[in-house]
Amino acid sequence: MSKFLIHNISELIQVRNEAPELLKGSEMAHLPGIRNAWLLIEDDKIIDFGNNEDLIPQHDEKIDAGGGMVFPAWCDSHTHIVYAGSRETEFVDKINGLSYEEIAKRGGGILNSAARLQQTSEDDLFNQALQRCHEIMSYGTGAVEIKSGYGLTVQDEIKMLRVIKRLKNAVPLEIKSTFLGAHAIPAAFRDTRSKYIDLIVNEMIPQVAEEKLADYVDVFCDKGFFTVEETDRILAAGVAQGLTPKIHANELDYSGGIQIGVKHGALSVDHLEFTGKDEIETLLNSSTMPTLLPSTAFFLRLHYPPAREMISAGLPVALATDYNPGSSPSGRMSFVLSLACIYLRMTPEEAINAATINSAYAMGLSSSHGSISKGKTASFFITKPIPSAAFLPYSFGSDLIKDVFIAGKKIMC
Ligand code: NIG
Ligand code: FE
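Sequence positions are assigned chain by chain, starting from 1 and proceeding in written order. The naming scheme follows written order: chains are lettered A onward, ligands numbered 1 onward. The predicted origin of the model limits local features to residues at a pLDDT of at least 70 and limits the giving and counting of side-chain atom pairs to 80 or more, whereas totals for whole chains, interfaces and linings rest on all residues. Calculation of side-chain values draws on the structure's entire complement of heavy atoms; hydrogens and water are dropped beforehand.

(A) How the structure looks around the sheet that holds strand β11 (residues 268-271). Only when DSSP finds a minimum of two bridges between them are two strands counted as paired. By the criteria applied, helices consist of DSSP H or I runs no shorter than four residues and strands consist of E runs no shorter than two, each listed in order from the N terminus. Spatial ordering of the open sheet is given by β6-β7-β8-β9-β10-β11-β12-β13, a layout of 8 strands whose pairing is parallel. Where the open sheet ends on each side, the last strands, each with one partner, are β6 (74-79) and β13 (318-319). The contact criterion used is simple: two residues touch if any of their non-hydrogen atoms lie within 4.5 Å. Lines fitted to C-alpha atoms define the axes, with helix axes restricted to the stretch in contact, and inter-axis angles between N-to-C directions lie between 0 and 180 degrees. Each of β7 (141-147) and β8 (174-182) touches helix α5 (residues 154-170); the most contacted strand, β8, lies at about 175° to it.

Here it is in structure tokens:
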């Protein structure tokens, strides 16, 4: 058992004696902190904190925070970081005027990534994803959800999920795994799409469940991708096999995705650029976390989801990166927070709550992640000296993180 102390912390952020499961509506405006603080870690857990130097318990090692702030590590509850190669040629197509849907219709987009992934070995894929895990840890992320969805055949979806399983043993990140066979209809099924739904329901989901390769089941329920009826069928099949729904909804249109997700008890519904009164009402009567991905709206030049209306109505909101090669090729949570403040008009306190406590909820990690609380996993980062917590989203693009600790281990940034 080894105990180490972090001291000389100008402010310890998101300190909760009784950590709430989630924060909704006006609760999101409050971000508790302790000034001139210390933090005590034993192995991989937070065991104590305070601001009175005289009450510091016995410890084996002492680390000077240098007057920086300490934040709980970010929880990134929506990513696709297992992928092969990159898609900057489509980035140029978009600059030249093509839309995301037009690129997808030409066999680009998700199908382009699927073609590459199918030709990539499991080891190569693992090494590419491992690099991205190291990258996001260096940005202060301590827990991440990763989806399949670029395989689109039984064997390639399983290959992706096996890579995610291997990542869990290779890095200290807390990782949740999501089966997203319903990410796009493969070209071979364009005229027989119900056969692809059959494949997902009758072959992919049973195999994923049997090998215990996923925690969640996802569907891209949107215009040009999967219909509400198809989503209904796939989610029912996933739930029957013990997978909790956590879906892509309402990115490209009022797709009905929010309603069908809530109907199946989704842990979260994500994207939500098209959210109106009906959708807000549906979410208010649920325990589903609305999750916003502003770096996708930024990258695709979509209009942004109505975060202010959602929070004013009393909803919780979570934030995540959607890190993927097509619509958000960045895993930097601090940039997502800046976009949330600038374009979603969330306050820095709301954005930080959305990227810690609420995004931990969106991964089923409320009891272990998302706040500085005794007994929670010691995943946190130390900033360079900054004047306030709001300085972090304010100085967008700057690298203000000095040191990162994930599950009690210092990460080499
Ligand atoms: O979350 N919206 C659907 N899927 C991804 C995009 C994946 C891609 O373009 O490769 C997303 O944005
Ligand atoms: Fe996504």
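(B) Spotlight on the coordination of the iron ion (ligand 2). For Na, K and Ca the donor cut-off is 3.2 Å, while for other metals it is 2.8 Å, and in both cases only N, O and S atoms qualify; water is not among them, so sites may look incomplete. Looking at the metal site, the iron ion (ligand 2) is ligated by His78 (NE2), His80 (NE2), His248 (NE2) and Asp322 (OD), spaced 2.1 to 2.3 Å from it. The class of histidine 78 is buried, set by a relative accessible area of 0%. When accessible area is computed with a 1.4 Å probe and restricted to protein chains, residues below 20% of their type maximum are described as buried, those above 50% as exposed, and intermediate ones as partly exposed.

(C) Seen up close, a nonpolar patch on the surface. A cluster of nonpolar side chains, Phe298, Ile342, Tyr343 and Phe396, forms an exposed patch at the surface whose accessible area comes to about 430 Å². Considering the arrangement of structural elements, one finds isoleucine 342 in helix α12 (residues 333-342). By relative accessible area, which is 48% here, isoleucine 342 ends up partly exposed. Nonpolar side chains (Val, Leu, Ile, Met, Phe, Trp, Tyr) within 5 Å and like charges within 9 Å form the patches, drawn only from residues with over 30% relative accessible area and no salt bridge. Every accessible area reported is derived by Shrake-Rupley at a probe size of 1.4 Å, with residue values counting cover from the shown protein chains alone. Salt bridge criterion: a side-chain nitrogen from Lys or Arg within 4 Å of a carboxyl oxygen from Asp or Glu.

(D) Looking closely at the site of ligand 1. Close to ligand 1 lie 15 residues, the nearest being Tyr100, Tyr150, His183, Asp322 and Ser327. Polar contact is the term for a pair of N or O atoms within 3.5 Å; when the atoms are in protein, one must be able to donate a hydrogen and the other to accept it, and sequence-neighboring residues count only if both atoms are side-chain atoms. In the environment of ligand 1, a nitrogen atom lies 2.8 Å from a nitrogen or oxygen atom belonging to the side chain of glutamate 251. Coverage of ligand 1 by the protein amounts to 100% of the 320 Å² it exposes when considered alone. Split into classes, the residues belonging to the shell around ligand 1 amount to 4 nonpolar, 8 polar and 3 charged. The cutoff for a nearby residue is simple: one of its non-hydrogen atoms must lie within 4 Å of the molecule or strand. Gly is put with the polar residues, along with every residue not named as nonpolar or charged; the nonpolar set is Ala, Val, Leu, Ile, Met, Phe, Trp, Tyr, Cys and Pro, and the charged set is Asp, Glu, Lys and Arg.

(E) Region of interest: the pattern of salt bridges. Enumeration over the complete set of coordinates arrives at 17 salt bridges. One salt bridge connects glutamate 230 with arginine 193, and the closest N-O pair in it is separated by 2.8 Å. Pair noted here: glutamate 230 is in helix α7 (residues 228-240) and arginine 193 is in helix α6 (residues 193-210), with a separation of 37 residues, a long-range link. When salt bridges with common partners are traced through the structure, they connect Glu122, Asp123 and Arg166 into a single cluster.

(F) Here's a closer look at the side chain of aspartate 222. Mapped onto the elements of the fold, aspartate 222 is located in the loop between β9 (216-221) and α7. Positive charges come from Lys and Arg alone, negative charges from Asp and Glu alone, with His and the N- and C-terminal ends not counted. Despite its burial, aspartate 222 pairs with no opposite charge; the closest candidate is lysine 223, at 7.4 Å N-O. A polar contact is formed between the side chain of aspartate 222 and the backbone nitrogen of aspartate 253, at a distance of 3.2 Å. Contacts of aspartate 222, omitting those with residues within four sequence positions, involve Ala249, Asn250, Glu251, Leu252, Asp253 and Ser255.

(G) Layout of the nonpolar core. Take the buried residues of types Ala, Val, Leu, Ile, Met, Phe, Trp, Tyr and Cys, join any two whose side-chain atoms come within 4.5 Å, and each joined set is a nonpolar core. Counting 105 residues, the largest nonpolar core has Leu167, Phe226, Ile234 and Met346 as its most contacted members. With 8 residues, α6 is the single largest residue contributor to this core. Throughout, the edges of the domains are those of an automatic or database domain assignment. The two domains that each donate at least three residues to this core are domain 1 (3-72 + 371-411) and domain 2 (74-361). Those residues in contact with methionine 346, other than ones at most four positions away along the chain, are Met28, Ala307, Arg308, Ile311, Val317, Leu319, Ala340, Cys341, Ala351 and Ala354. By size, the runner-up hydrophobic cluster in this structure holds 19 residues, among which are Phe4, Val15, Ile41 and Phe49.

(H) Representation of the side chain of glutamate 279. Within the secondary structure layout, glutamate 279 lies in helix α9 (residues 277-284). Within the structure, glutamate 279 has its side chain in polar contact with the backbone nitrogen of glycine 276 (distance 2.9 Å). When sequence neighbours within four positions are dropped, the list of residues in contact with glutamate 279 reads Asn250, Tyr254, Ile258, Gln259 and Phe274.

(I) Structural detail: the packing of aromatic side chains. Within 6.5 Å between ring centres, the rings of Phe, Tyr and Trp (the latter by its six-membered ring) count as paired, and their orientation is classed by plane angle as stacked under 30 degrees, edge-to-face over 60, tilted in between. Applying the stated criterion to the full structure yields 13 aromatic pairs. With a centroid separation of 5.5 Å and 75° between ring planes, the pair formed by tyrosine 254 and phenylalanine 274 is classed as edge-to-face. Pair noted here: tyrosine 254 is in the loop between β10 (244-249) and α8 (257-263) and phenylalanine 274 is in the loop between β11 and α9, with a separation of 20 residues, a long-range link. With centroids separated by 5.4 Å and ring planes inclined at 50°, the aromatic side chains of phenylalanine 391 and tyrosine 394 adopt a geometry described as tilted.

(J) Representation of the domain arrangement of the chain. What the domain assignment lists for the chain is domain 1 (3-72 + 371-411) and domain 2 (74-361). The gap between the C-alpha centroids of domain 1 and domain 2 is 29 Å. Summed over both sides, the interface of domain 1 with domain 2 buries roughly 2400 Å², with 72% coming from carbon and sulfur. The term buried area denotes the loss of accessible surface (1.4 Å probe radius) that occurs when two parts are joined, taken as the sum for both partners. When the area that domain 1 buries against domain 2 is broken down by residue, the three leading residues are Met28, Pro393 and Ile406, summing to 25%. Where domain 1 packs against domain 2, one counts 0 salt bridges.

(K) A look at the packing of helix α4 (residues 122-138) against α5. Look at α4 against α5: their axes get within 9 Å of each other, and the N-to-C directions meet at 50°. Judged on the interaxial angle alone, α5 and α4 are oblique. Crossing angle aside, the handedness with which α4 passes α5 is right-handed. Of the residues in α5, those in contact with Glu122, Asp123, Leu125, Phe126, Ala129, Leu130 and Cys133 of α4 are Lys159, Met160, Arg162, Val163, Arg166, Leu167 and Ala170. With respect to orientation, any angle under 35 degrees is reported as roughly parallel, any angle over 145 as roughly antiparallel, any angle of 65 to 115 as roughly perpendicular, and every other angle as oblique. For any helix crossing, the convention is left-handed if the near helix is rotated counterclockwise from the far helix by under a right angle, and right-handed if that rotation is clockwise.

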